[in-house]
Amino acid sequence: MSVADPAVVKRAVGAAAIGNITEWYDFGVYGYLTTTISKVFFTDLSGPVATIATFGLFAVSFLIRPFGGLFFGPLSDRIGRKRVLSLTVVLMALGTFAIGVVPGYEAIGIAAPLLVLFARLVQGVSTGGEYGSAMTFIAEYAPDRRRGFLGSWLEFGTLTGYAFGATIATVLTAVLTEDQLLSWGWRIPFLIALPIGLVGLYLRLRLEETPAFANYVSGEGQQRESAGQEFRTIFSRYWPAMLLCAGLVLAWNVTNYMLTSYLPTYLADTLPGHGEDGVGETAAQVLQIVVLVLLMVVVTFLGRLSDRFGRRRIVMAGCLGLVVLSLPAVLLLRVGGNVATFAGLAVMGLTLVCFSSTLPSTLPAMFPTHIRAGALSIAFNISVSLFGGTTSTVMGALVAGTGDLNWPAYYLIAAGIVGAICIYLTRESAGRPLQGSPAIVSPEELTGSRR
């Protein structure tokens, strides 16, 4: 048994969350400025084709994420979580910053989107190592009975970063003329990513390694597996856990990217003209930001509830919510008007928060210490690459190709079914030590047990 130092745990949670802020800040900016970015880098394409091409640039970084997970995940199991997290936050910030300095298509032609593609690939590799290691980092620091609550702060960082990026993009869209936005205004949010990343680097460099990893190194340091040995162990012995992890990530991230990446464009470009009362682009963006703030309030509360009542119940509620409520939510969006649009977004957001509040503490518990970061990073990123990051591109193509505006609902229902099956087969982890790690208690728990 080890006793958690509350001050150290707070710093660890903050340092891990700041990386998520950096990552999702970029996604918020990119999602809300998709229309502008398509005009800057795909000037020679028609509107719908340019939008799909811009979503393609967004999706391509996810195609390379598994390679980042394959490299950084096992590396984190060999050299430590802290070192890997310090490197990934710098790469993420530099990739986002680079997009802000790339000249437009009119200046350098086809080289412009190719340079953005390169920046997105850098982001994809870094993100592939970031999130799995960050989940592992918090889980290995947190007391067993508070892991759900503390893990939910990682997603608080996600929501904060996205809301911050979306707010800046919305403000710039509202106050600048279209010419100003196209010529220089769109660059400002991307340039801001660099100082955010430097703050994250500073916070991470101040931390020590997690107790679980330190214990593993001190006890088995001479027998640590090579990358090749770890891959064989993961895929030969832990493939059932990998499949369950990937299925849960599918349900989580299809919902996540549907809400945060596809719906801004769906509301602004696809739905106007449908329904009796359309919603303006700025109004739709503001409504979505309000929903994100609502989720920021709820996410840690649900994380705390998962410590008390279990993770499986809350995740299952989210999966059933996708199956039952996705079509009503999309139909509300199609009705139009501020009230109906907000209701549709809120329903989808509250379904998402069931995953965001609990899975950062559920997934690390599926693997033992010596392969935790590697297995988690690989399963997480393969699933996100195939299903999460491609959501916007797939939805844009399906809606444009079929003319059926309910495709987002169909996709979410399928994701909910997969998630429900996987969480049903997953072992409850609330209140239990991580595999291969000693129990971690808070000072209050230790004092209470002595009494």
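About the cut-offs
Residues numbered from 1 in each chain as written. Predicted model: local features only at pLDDT ≥ 70, side-chain atom pairs only at ≥ 80, totals over all residues. Heavy atoms only, no water. Helix = DSSP H or I, 4+ residues; strand = E, 2+ residues; numbered from the N terminus. Rg over C-alpha atoms; globule rule 2.2 N^0.38 Å. Buried < 20%, exposed > 50% of the residue type's maximum accessible area, 1.4 Å probe, protein only. Contact = heavy atoms within 4.5 Å. Areas by Shrake-Rupley, 256 points an atom, 1.4 Å probe, with all protein chains shown as cover. Lys, Arg positive; Asp, Glu negative; His and termini not counted. Charge placed at Lys NZ, Arg CZ, Asp CG, Glu CD. Patch = residues over 30% accessible without salt bridge, like charges linked within 9 Å, V, L, I, M, F, W, Y side chains within 5 Å. Salt bridge = Lys/Arg side-chain N within 4 Å of Asp/Glu carboxyl O. Phe/Tyr/Trp six-rings, centres within 6.5 Å; stacked < 30°, edge-to-face > 60°. Core = buried A, V, L, I, M, F, W, Y, C linked by side-chain atoms within 4.5 Å. Expected span 1.5 Å × (residues − 1). Polar contact = N/O pair within 3.5 Å; in protein donor to acceptor, adjacent residues only side chain to side chain. Axes fitted to C-alpha atoms, helices over the stretch in contact; angles between N-to-C directions. Parallel < 35°, antiparallel > 145°, perpendicular 65-115°, else oblique. Nonpolar A, V, L, I, M, F, W, Y, C, P; charged D, E, K, R; others polar.

1. Here's the deal with the overall build of the protein
Alright, step 1. A tally of regular secondary structure across the protein gives 22 helices and two strands.
Alright, step 2. The C-alpha radius of gyration computed for the protein amounts to 21 Å, which stays within 12% of the reference 22 Å derived for 451 residues, consistent with globular compactness.
Alright, step 3. Principal axes of the C-alpha set define a box for the protein whose edges measure 65 × 45 × 40 Å.
Alright, step 4. The proportion of buried residues among the 451 residues of the protein is 58%.
Alright, step 5. Within the protein, contacts between residues at least 6 apart in sequence are counted, and of these 88% link residues at least 24 apart.
Alright, step 6. For the protein, the accessible surface area stands at approximately 17,000 Å², while carbon and sulfur atoms represent 67% of it.
Alright, step 7. For the protein, the distance from the average site of its 29 positive side-chain charges to the average site of its 26 negative ones is 12 Å.

2. Section: a nonpolar patch on the surface
Alright, step 1. A surface patch of nonpolar side chains, about 680 Å² in accessible area, is lined by Val323, Val324, Leu325, Ile417, Ile421, Tyr424 and Leu425.
Alright, step 2. Those elements that place two or more of their residues in the nonpolar patch are helix H16 (311-335) and helix H21 (407-424).
Alright, step 3. For isoleucine 417, the location among the structural elements is in helix H21.

3. Points about the packing of aromatic side chains
The geometry of two aromatic rings is summed up by the distance between their centres and the angle between their planes.
Alright, step 1. For the structure on display, the rule yields 13 aromatic pairs.
Alright, step 2. A centroid spacing of 5.4 Å and a plane angle of 85° characterise the contact between phenylalanine 41 and tryptophan 186, whose relative ring orientation is edge-to-face. Placement of phenylalanine 41 in helix H2 (residues 34-41) and of tryptophan 186 in the loop between helix H9 (178-185) and helix H10 (187-191) is noted, with a sequence separation of 145 residues between them.
Alright, step 3. In this structure phenylalanine 41 comes out as buried when scored by relative accessible area, which is 1%.
Alright, step 4. Assessed through its relative accessible area of 0%, tryptophan 186 is described here as buried.
Alright, step 5. By way of ring pairs, the aromatic residues Phe41, Trp186 and Phe190 are connected into one cluster.

4. Some words on the nonpolar core
Within soluble globular proteins, side chains that are nonpolar tend to cluster in buried spots.
Alright, step 1. With 117 residues, the main nonpolar core has Phe41 and Leu363 as its most contacted residues.
Alright, step 2. No other element matches helix H14 (residues 239-270), which puts 17 residues into this core.
Alright, step 3. For phenylalanine 41, the contacting residues outside a window of four places in its chain are Val102, Pro103, Gly104, Tyr105, Ala112, Pro113, Val116 and Trp186.

5. Looking at H21
Alright, step 1. Relative to the 26 Å expected for 18 residues at 1.5 Å per residue, H21 spans 26 Å between its end C-alpha atoms, a close match to the ideal helical length.
Alright, step 2. Along H21, the residues that are buried comprise Pro408, Ala409, Tyr411, Leu412, Ala415, Gly416, Gly419, Ala420, Cys422 and Ile423.

6. Let's talk about the pattern of salt bridges
Alright, step 1. Applying the stated criterion across every chain yields a total of eight salt bridges.
Alright, step 2. Glutamate 178 is paired through a salt bridge with lysine 39; the nearest N and O atoms lie 2.8 Å apart. Here glutamate 178 is found in helix H9, whereas its partner lysine 39 is found in helix H2, with 139 residues between them in sequence.
Alright, step 3. Judged by relative accessible area, which is 39%, lysine 39 ranks as partly exposed.
Alright, step 4. Here aspartate 307 and arginine 311 are joined by a salt bridge, their closest N and O atoms 2.8 Å apart. Accessibility assignment for this pair places aspartate 307 and arginine 311 in one class, buried.
Alright, step 5. Several salt bridges share partner residues, and in doing so they unite Asp77, Arg81, Glu140 and Arg372 into one network.

7. Observations regarding the environment of serine 356
Alright, step 1. With respect to the secondary-structure elements, serine 356 resides in helix H17 (residues 338-356).
Alright, step 2. Overall, the relative accessible area of 4% leaves serine 356 in the buried class.
Alright, step 3. Spatially, the C-alpha atoms of serine 356 and glycine 303 are 8.6 Å apart, while their sequence positions differ by 53 residues.
Alright, step 4. With sequence-adjacent residues up to four places away left out, serine 356 is seen in contact with Glu155, Trp252 and Val299.
Alright, step 5. At 3.3 Å, the side chain of serine 356 and the side chain of tryptophan 252 are in polar contact.

8. Here's the deal with the packing of helix H4 (residues 65-79) against helix H19 (residues 372-388)
Alright, step 1. The geometry of H4 relative to H19 is characterised by a closest axis approach of 7 Å and an angle of 170° between their N-to-C directions. Classified by the interaxial angle, the pair formed by H4 and H19 is roughly antiparallel. Along its contact with H4, which presents Arg65, Pro66, Gly69, Leu70, Gly73, Pro74, Ser76 and Asp77, the element H19 presents Arg372, Ala373, Gly374, Ser377, Ile378, Phe380, Asn381, Ile382, Val384 and Ser385.
Alright, step 2. Residue composition of the contact of H4 with H19, grouped by class: eight nonpolar, seven polar and three charged.

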